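Summary of the model geometry
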Amino acid sequence: MSKNYYITTPIYYPSAKPHMGHAYSSIVADFFARFKRIDGYNVFYLTGTDEHGLKIQKAAEGKNQDPLDFCNEISKTFKDLSETLNLSNTDFIRTTEKRHHKSVQNLWNILEKKGEIYLSKYSGWYSISDEAFYLEDDIEEKNGSKVAKLSGSSVEWIEEESYFFKLSKWEDKLLELYENNKKFILPKSRKNEVVSFVKSGLKDLSVSRKSFSWGIKVPTNNDHVIYVWLDALTNYMSALNYPDTKNSLYKNFWPADLHLIGKDILRFHAVYWPAFLLAADLPLPKRIYGHGWILSGDEKMSKSKGNILDPLEIINEYGLDPLRYYLLKEVSFGNDGNISKDKLISCINSDLANNFGNLCQRVLTFTEKNLSLTVPNKVNFLDDDLNILNNFSNNYDKLMDYIDNQNINSYMNFIVDQMFLANKYFNDQEPWKKKNDFKRLNTIIYTSLELIRKIAILLYPVIPYSSLKVLNIFNINEKKIKVDTIKNNQYLENGMKINKINILFNKVE
RNA sequence: GGCGGGGUAGCUCAGUUGGUUAGAGCGCGGGACUCAUAAGCCCGAGGUCAGUGGUUCGAUCCCACUUCCCGCUACCA
């Protein structure tokens, strides 16, 4: 049986240009997608844009534009970002596409037919400027009019006809799901939040709006537009040609293995989405991972603070792979992380240039001078060689486990440890003093080349461009990369001609 | 307010199912080497593991309290 893996990013809301948070989600997802591919999986990696809703409609009106034209423009910036980030996504879905409309309306019809959706009235105190409803407790009387305590903006009583989804009905089933499937929501701290939220009681969810029109129409009542989250979440199935559940994409890839999302949209994915699917009697995704935010310094990036780090600017200045490497290694995955130029530069110089880049350089130059760029023959491993080479086979299962638990940091730590050890190995073996002992010299070089190969393979999901440059030394192209070859200590063919490379990472002064 | 998470070296973070000298990277000080992007390697300085009390032969790790930080507490997404 072939192994399949389906991973998704959130679909991004294109009310403004992409920022570091979008880049982060996408890069992390790309890391897993690429890893699974070199581990022999068929991978479907989906990203896209979520284009409906009042905000978009208003933003378009503000620019005197048709909403779709407006979305076309901004969606393209997200698509461009995918290219810039070197994402290996299989598809890019937009909720304004026909295939998605069909999919959402189908899901709606099922839910309505099953009696999971009913027509009623939504009412409450609404603040137009806050775009939010408030509870009785959250408003107060001021100068004779009702205002929201938090914002002080005036509220009015609004009643609107709306369809409701019977969310309350699924409370126990959801709790059961979280209980039986301990890793359905990760990290654990976020799971606790969701559980306590559901335990506190679920109310039925309003899933249609009459107050604006930019969205997918309720099939049985065109006065209503389907609630953006019911719309948006369904994208994960639309891309697999749902409602055609017989086609190979759907059959191979649904349910998703991993919905990777930011912590701010956890509830929609961990509560509403499984409830919709349960109600429609469809299989549930296997895992929801809510990652943290990328902060600038210690603060949330914001225009007023002037501390926004635009991913495109960073990439222009320092390159893509350094950014990818930084986000994956330096951010404690699951928690909020920091990025600053100083930290990025320090990371580039010490890890990429001085450590790994220089390792490649010293070994290759040495091979050039002493073996005319060929893989040595007559290799005879001693314990010193095997000790370090075997780290990869000895820790192989652990590495797989890290990936399956989204333990990116342990994975990265392993790589960094091997970089240090490889440099130390080369240092301790002092091949420059072994010019009279060819057998030993050859073995040291062979071992060093193997170490570079193994490290580069593990780095492929992290920094694909740079990894491929390194692997090209050994004529290993992208299609030939298989992660399990890191268990092989003699993958490199004796006598094979190898290719020189330029400086891999330039230091930033 | 309620529920949850957290406060570990100058900085960013690991870790301990309780057990002799608490870890890594970066930064800092010193040393030996020279294949290499003056990179790499070795050695070192630096922590009352937030505070107080308790359980225990023994707590950074368990319990209680105190204090500080953060998240969630539903229909903007």
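Whatever comes next refers back to the structure up there.
To keep things clear, this report deals only with the structure shown in the data block.

With that settled, consider the overall build of chain A. A tally of helices and strands in chain A yields 18 helices and 17 strands. In terms of overall dimensions, chain A has C-alpha extents of about 95 × 50 × 40 Å along its principal axes. In chain A, buried positions account for 55% of the 509 residues. In chain A, once contacts between residues fewer than 6 apart in sequence are set aside, the share between residues at least 24 apart is 77%.

The next point concerns the packing of aromatic side chains. All told, the structure shown has 24 aromatic pairs when counted by the stated rule. Considering the side-chain rings of Phe31 and Tyr411, the 5.3 Å spacing of their centres and the 75° angle between planes classify their relative orientation as edge-to-face. Pair noted here: Phe31 is in helix 1 (residues 20-38) and Tyr411 is in helix 16 (residues 408-429), with a separation of 380 residues, a long-range link. When the ring centre of Phe197 is taken as origin, the NZ or CZ atom of Arg267, which lies over that ring, is 4.4 Å away. Note that Lys487 overlies the ring of Tyr396, its terminal NZ or CZ placed 4.1 Å from the centroid.

Turning next to the sheet that holds strand 12 (residues 217-218). The 3 strands are arranged 11-13-12 in an open sheet whose pairing can be described as antiparallel. On the outer flanks of this sheet lie strand 11 (208-209) and strand 12, each paired with one strand and no other. Pairing geometry for strand 11 and strand 13 (residues 221-226), over 2 bridges, is antiparallel. If you follow Ser208 over to strand 13, its bridge partner there is Ile226.

Another point: unusual backbone geometry. Outside of glycine, negative phi angles account for most residues, and trans bonds account for most peptide bonds. Between Leu186 and Pro187 the backbone carries a cis peptide bond, its omega angle lying at -10°. Along the chain, Pro187 falls in the loop between strand 9 (185-186) and helix 6 (188-199). A cis amide bond, omega 5°, links Trp254 with the succeeding residue Pro255. With respect to the helices and strands, Pro255 occurs in the loop between helix 9 (248-253) and strand 14 (258-262).

All right, on to the protein's contact with RNA strand B then. Taken together, 49 residues sit near RNA strand B, with Glu193, Lys203, Arg267, Asn358 and Arg362 positioned nearest. When the atoms of RNA strand B within 4 Å of the protein are sorted by group, sugar and phosphate make up 67%. The separation between a base oxygen of RNA strand B and a polar side-chain atom of Lys55 is 3.1 Å. The separation between a phosphate oxygen of RNA strand B and a polar side-chain atom of Asn335 is 3.5 Å. Among the elements of the structure, strand 5 (132-134), helix 6, strand 10 (205-206), helix 7 (228-233), helix 10 (266-280), helix 13 (341-371) and helix 16 are those that each provide at least two residues to the surface near RNA strand B. Residue contributions to the surface near RNA strand B peak at 12 residues, all from helix 13. Looking at the surface near RNA strand B residue by residue, the classes come out as 20 nonpolar, 14 polar and 15 charged.

Glancing now at the nonpolar core. If you look at the biggest cluster of nonpolar residues, it comprises 99 residues, and the most contacted ones within it are Tyr325, Phe356 and Tyr411. The leading source of residues in this core is helix 13, at 13 residues. In terms of nonpolar packing, the next biggest core, distinct from the first, is built from 58 residues, Val218, Tyr236, Met237 and Ala280 among them.

In this structure the tally under the stated criterion is 22 salt bridges. Glu161 is paired through a salt bridge with Lys210; the nearest N and O atoms lie 3.4 Å apart. Placement of the pair is Glu161 in strand 8 (residues 156-165) and Lys210 in the loop between strand 11 and strand 12, with a sequence separation of 49 residues. A salt bridge links Glu368 to Lys500; the shortest N-O distance between them is 3.1 Å. One end of the pair, Glu368, is in helix 13; the other, Lys500, is in the segment after helix 18 (464-471), with 132 residues separating them in the sequence. A cluster of three or more residues bridged by salt bridges with shared partners is formed by Asp30, Arg34, Arg324 and Glu478.

Topologically, Asp336 is positioned in the loop between helix 12 (320-330) and strand 17 (337-339). Separated by 332 residues in the primary sequence, Asp336 and Asn4 have C-alpha atoms spaced 30 Å apart. Only 2.9 Å separates the side chain of Asp336 from the side chain of Lys263, close enough to count as a polar contact. At a separation of 2.8 Å, a polar atom in the side chain of Asp336 contacts the main-chain amide nitrogen of Trp293.

The parallel open sheet is built from 6 strands, whose spatial order is 3-2-1-14-15-9. Looking at which strands have only one partner, the edges of the open sheet turn out to be strand 3 (91-94) and strand 9. Pairing of strand 2 (residues 42-49) with strand 3, which is carried by 4 bridges, proceeds in the parallel orientation. Within strand 3, the residue paired with Leu46 across the bridge is Asp91. Packing against the sheet, helix 3 (residues 67-84) makes contact with strand 1 (4-12), strand 2 and strand 3, and its axis sits at approximately 160° to strand 3.

What counts, and at which threshold
- Residues numbered from 1 in each chain as written.
- Chains lettered and ligands numbered in written order.
- Predicted model: local features only at pLDDT ≥ 70, side-chain atom pairs only at ≥ 80, totals over all residues.
- Heavy atoms only, no water.
- Helix = DSSP H or I, 4+ residues; strand = E, 2+ residues; numbered from the N terminus.
- Buried < 20%, exposed > 50% of the residue type's maximum accessible area, 1.4 Å probe, protein only.
- Contact = heavy atoms within 4.5 Å.
- Phe/Tyr/Trp six-rings, centres within 6.5 Å; stacked < 30°, edge-to-face > 60°.
- Lys NZ or Arg CZ within 6 Å of the ring centre and 35° of its normal.
- Pairing = 2+ DSSP bridges.
- Near = heavy atom within 4 Å.
- Polar contact = N/O pair within 3.5 Å; in protein donor to acceptor, adjacent residues only side chain to side chain.
- Nonpolar A, V, L, I, M, F, W, Y, C, P; charged D, E, K, R; others polar.
- Core = buried A, V, L, I, M, F, W, Y, C linked by side-chain atoms within 4.5 Å.
- Salt bridge = Lys/Arg side-chain N within 4 Å of Asp/Glu carboxyl O.
- Axes fitted to C-alpha atoms, helices over the stretch in contact; angles between N-to-C directions.

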